[in-house]
Structure formats: structure tokens, C-alpha cells
Amino acid sequence: MECKHSFLIPDCVKNDPITLLSRAWSLEHRRPTVGFSFPFSGIRMESCDDVEQLGFTLEAVGISFSDTSPIEAEVSHVKSKEAKLANMKHLEVEHELLRGIGLRASLRNGGCVWMRPADKLSSGEKMDRWQTSIKVDHFDVFISHTWLTAGRWKILCLLLASSWPILLFGWALAVLGAIPCHLVDVSFPMTLVYSCTSLDFEGTCSSHLFAHYSGLIGTLIGLLVAPYLRCCDKMCFLDVVSINQAEEEKEVGIYAIGGFLAVSEELMILWDRPYFSRLWCIFELAAFRKCNPQGKITLKPLFVETCVAVGLVFVYLQIFIGWTFDTIGWTDRLSLVLRLIVTLAFTHYLRDLLYTRCQLINDLRNFDLTHVNCGSDFDRDFIYAGIEAWYGSSASFTEYVKGPLADELAKPFSKFRVSRAYWALAATPSVSYELCLSLSLIRTDASDAAILWTFMLRTSNVLLDLVCMKLLVMTCDYFASPRRWNSGKTLFVWAGWAISTWGLWQLKFFTDSQDQFAAVLSCLTLVIASV
């Protein structure tokens, strides 16, 4: 059979037989019984048998031909979507659609894939997103989120949650690398000269903050490098990447989400206030629990990592203000006033963040499926049909969310808790700062015993800083509700914390000035209190 059509072959596709096959078929909406040639190879295709002789079939390269026109194909697609609803195939796994991306890999290039939803992307950007994903047979994590929440908070949450060991390692490596700078006399601006007394040593010391600022740089480098490390990365489902967002492909992936959940080991919910108002988010939660009764559901409120990041900035700022004023020689009172003002602003912001915890529990305990929003009537019917089939009725599902599921998910947040890993990260500025002051003693004629004693006292200072931070967080969490006199409540919390902190430091100075036994006992007490 001879080809009834002739067509020009662009240079960009002359070396691409798959593209050539597609171009040929676009001219003939019938089975490829027509003949056509590949000019770059001298091969002429007369039938599908010739294609098979080249070592591939049309099905193998993902090209299928039928007698339907594009309009008929669209009608067929709509029918298949409705057929999935009619046959209750919500959880059907379509393996050819499974594509994933590494959790940390999704944070590369500044986490650009998280910054804008698909409807804000151009066609080229949609294809770029999809091409970052790879073919998989299952997902370690299915990330459930809503695009109503700004992407920067999701990036921060995932970056700290997945990469905190890398940040701590980068900090430790930088601090250790800067220690030799403290062991030699270096002429450097912003040198702090202060009086030091330790056991039998009394004299003056000069200190720099090489290790302190090196630790900050090391942490930032770890933050930038972490997304590009492939070790221990989890393969995850991310909608804007795992689903081809091209118009003709998008709906196919959307209605296959149930199948994606069925092959996921963990459901990670990036929770913010709008989450429980989106029907597709509720569908993901309902479907995962149905197909994975014992599966792990991880609730990650975005405010937790935000608190850690803001707290880290707060501690560095406090140290910077204190050090700058001391080295310049300005009065300590001005430094104290400025640091108290910074603490007041931090206290108010922290209360606002921690109030979100109360909203999370409230959203779970007062969940109502009928109040959840959906932009499509068909989507609503599709999701409701699945939920009613799995849980008996929408009312039963509502009771399940408000009861057993709320008990499971909200239990870790009945009180605000920060993991030890995050506390370690928050303590790094204090550790590096006190280390700088301790190392300055080595360049003097102090005895080894005096140096070790100073290290112990400086360590107890770090522990007391940690206790004071925990006290502030606990107090802000307890008084987080802004119902009445919100600013006055912030002032009350701030004043109470400031007085308590002053009292604790005065008690420590007193015990340190007594005999060695009292100082050691004080240090052990701080170790217990900070754990």
C-alpha cells in the first residue's frame, strides 16, 4: 500500500522515529496500513510488520492508533471517567501512570515546584515539572497538601524535617574547622576583651566569634546542599510533578489518585488552616485509610518548622546584639533594652503561631464533610461515592474523622512539643558562642584544670539558655488563645518570662560563685531540666 499523503519532515525530528510515526498518523485517522519512509535511514515502512522488524511495536513505544477522531477520543475519555465512577474503580492502580520524585529532590532550585500551582504554569513549565519525575512502582510517601497554602512554608517544613541531620553536620564541621583560628593570636575587628576568673586563674581574655559565624555559614551551606544529596531520600508522590499537567492528560492522573494512594506506604499531610476545607484533600485521607488500614499517616503542621526557623533567627539576633554592644563599649542597659524589645516581638509572633495548634485540633474535632469545598460537581459526586462506599455514609465518615482519626492525629499535638533534633538545632548558636568564649582561655597561661572548669561552666550556660527557650515556648503555648486583650496577654507573657529568666540567671551566678560542688550540682540540675 502506498501513502496517500506527503509531508515535510522538520530537521528537529528526522532522527526521532517515534515522532515521525506520530506525525504520520496525525495525517491519517485510520490504522497505519499506509506506507511511509524514514529519509534519514533509507527504510520504508509498508505495514506494522515492518515496524516489528526494527525491534519495537507501536504498543512498546506508547503509540496507539484507533479509528476514532480527536472529538470521539475526547468523548471516550469522558465516558471512561464516568465508567470509573459507575464501576467504583476509585482505587484502581494504573501502573503506567506511576511517577514519583525524591522528597529532597523536590526542593532543588529553591523548591520551585512548590511555588506555583499547575494552573499558574505555562505549557512548557508544566512539561518541565513532569519531566523531573521518574517511573516508579510504588511511593514511599504520598504528600497531601493544598495549593491555597504558600509554597515557602511547605519548602521550609520539608527541608527541616528531611535534612536536619545534614544541617547539624554542616554546622559541626564548620565549627570544628574554625577552632584553629581561636588558638592563634589574630588581629581582627570586633574583638571582645573581658575579665575572666576560673579556679586559680584571674586575668583578661580576648575573644572572636570565628566558630560562631562559621557555624552559621555551615548551617546555611547544609541548607543549600541538602536537596542535592541522594542518600536516604524517599520517593514521593507530588501532584504537580507526578501527574502530567497537560490538559489532555491531567484528568487521567487526577482520577487515578486513589490508585496512587493504594501503592503508597505513608500519607504525609502538610497541614495548614485551609487543608480540611478542600474536598480532594479529604478524599486522599479517606482513600488512604481505606486501602491501607494499618498505613502510616503523618500529620505535619507547617507551624512547627516555622517556629524552629524563627527561633533560630531569634537566638542568633540576640547574640549579635549582645556581642556588638559589648565590643563597641556601649552601656549594657541599652543592649538589654534592645534585646527585650526583640524578645517582645518574638513572643507575640510565637503566640500567633502556636494558636494554630488549637485551630488544628478544633478543625479535626468539628469536621463536617458537608462544609468542605469542591469546584466541580462531578468531582463532588466522584468523591462522595467513594467515601459512602468505604464508610457507609458521609455522616459515618464525618464521625470517623471527628472521633478515631482525630484521636490518632491530634494526640501528638495535645501540647506543643518540639523534637529533640529541633532543640539541638535551636541550641547551636548558643553552643558555638560559648565555645568561642571558652577557647579564648587557651591562649592565656591558665592551667588545664581552669580551662576544663570554664568549659563546664560555659556548658551549663548553654543548658540554661535551652531551659529559658523551652520556658518561653511553653508559656506562649499556654497563653496562645487571642480571645481578649491579645496585646496585653503578650505583655504579660513577656514580662513573666523576663522576670523568671533573670531570676534563673541570678541563681546560677550565685551557685557558680560558691564552692565547686554547688556549681557541679547546678550543672547536673540544668542537664535534667533541659532534657
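Our structure is the block above this text.
Residues numbered from 1 in each chain as written. Predicted model: local features only at pLDDT ≥ 70, side-chain atom pairs only at ≥ 80, totals over all residues. Heavy atoms only, no water.

A. Examining the nonpolar core more closely. F260, F276, L354, L369 and F397 are the most contacted members of the largest nonpolar core, which totals 114 residues. In terms of residues, this core owes the most to one element, helix α12 (residues 302–328), which gives twelve residues. Once residues lying within four places of it in the same chain are set aside, the contact partners of F397 are I282, A286, F367, L369, I387 and Y391. Judged by nonpolar contacts, the second largest core, of 21 residues, contains V113, W114, L159 and C236. (Core = buried A, V, L, I, M, F, W, Y, C linked by side-chain atoms within 4.5 Å. Buried < 20%, exposed > 50% of the residue type's maximum accessible area, 1.4 Å probe, protein only. Helix = DSSP H or I, 4+ residues; strand = E, 2+ residues; numbered from the N terminus. Contact = heavy atoms within 4.5 Å.)

B. Main features of the pattern of salt bridges. Inspection of every chain in the model, using the stated rule, returns eleven salt bridges. Note that E266 and K234 form a salt bridge whose closest N and O atoms lie 3.8 Å from each other. Of this pair, E266 sits in strand β9 (residues 266–271) while K234 sits in the loop between α7 (210–225) and β8 (235–237), and the two are 32 residues apart along the sequence. A salt bridge links K300 to E305, with the shortest nitrogen-to-oxygen separation between them at 3.7 Å. (Salt bridge = Lys/Arg side-chain N within 4 Å of Asp/Glu carboxyl O.)

C. Just unusual backbone geometry, in detail. Phi at M88 takes a positive value of approximately 55°, unusual for a residue other than glycine. Residue classification places M88 among the partly exposed residues on the basis of a relative accessible area of 35%. Even without a glycine there, the phi angle at C232 is positive, about 60°. Relative to the assigned elements, C232 resides in the loop between α7 and β8. C232 gets classed as exposed once you look at its relative accessible area, which sits at 76%.

D. A look at the pairing of strand β7 (residues 201–207). Judged from the seven bridges that link them, strand β6 (residues 192–198) and β7 form a sheet pairing that is antiparallel. Its bridge partner being in β7, Y194 is matched across the sheet by C205. Remark: two residues form the turn of the hairpin made by β6 and β7, two consecutive strands paired antiparallel; L199 in that turn has positive phi of roughly 55°. (Pairing = 2+ DSSP bridges.)

E. Structural detail: the sheet that holds strand β5 (residues 141–144). As summarised here, the arrangement of the six strands in space is β4-β3-β8-β5-β9-β10, forming an open sheet in which the pairing is mixed. Looking along the sheet, the strands with just one partner apiece sit at the ends: β4 (134–135) and β10 (296–301). Relative to β8, β5 is paired through two bridges, and the arrangement is parallel. Bridge pairing in β8 places V141 opposite C236.

F. Quick peek at helix α15 (residues 394–410). Approximately 35° is the largest bend angle found in α15, and it occurs at Y400, with the proline P404 only one to four residues beyond. Considered for burial, the residues of α15 that qualify are F397, T398, Y400, V401, G403, L405, A406, L409 and A410. Looking at the buried positions of α15, the neighbouring elements they touch are α11 (279–291), β10, α13 (332–365) and α14 (377–391). (Bend = angle between axes of the 7 residues up to and from the residue.)

G. Structural view of the packing of aromatic side chains. A complete count under the given rule lists 23 aromatic pairs for this structure. Here the aromatic rings of F314 and F346 are separated by 4.3 Å at their centres, their planes lie at 5°, and the arrangement is stacked. One end of the pair, F314, is in helix α12; the other, F346, is in helix α13, and 32 residues separate them in sequence. Exposure remark for F314: the relative accessible area of 10% places this residue in the buried category. F346 sits in the buried class, given a relative accessible area of 11%. Seen in terms of ring centroids, Y478 and F479 are 4.9 Å apart; in terms of plane orientation they differ by 80°. Their pairing is edge-to-face. Relative accessible area serves as the criterion here: at 66%, Y478 is assigned to the exposed category. Each member of the aromatic cluster is reached from another via a ring pair, and the members are Y255, W280, F283, F378, F382 and W390. (Phe/Tyr/Trp six-rings, centres within 6.5 Å; stacked < 30°, edge-to-face > 60°.)

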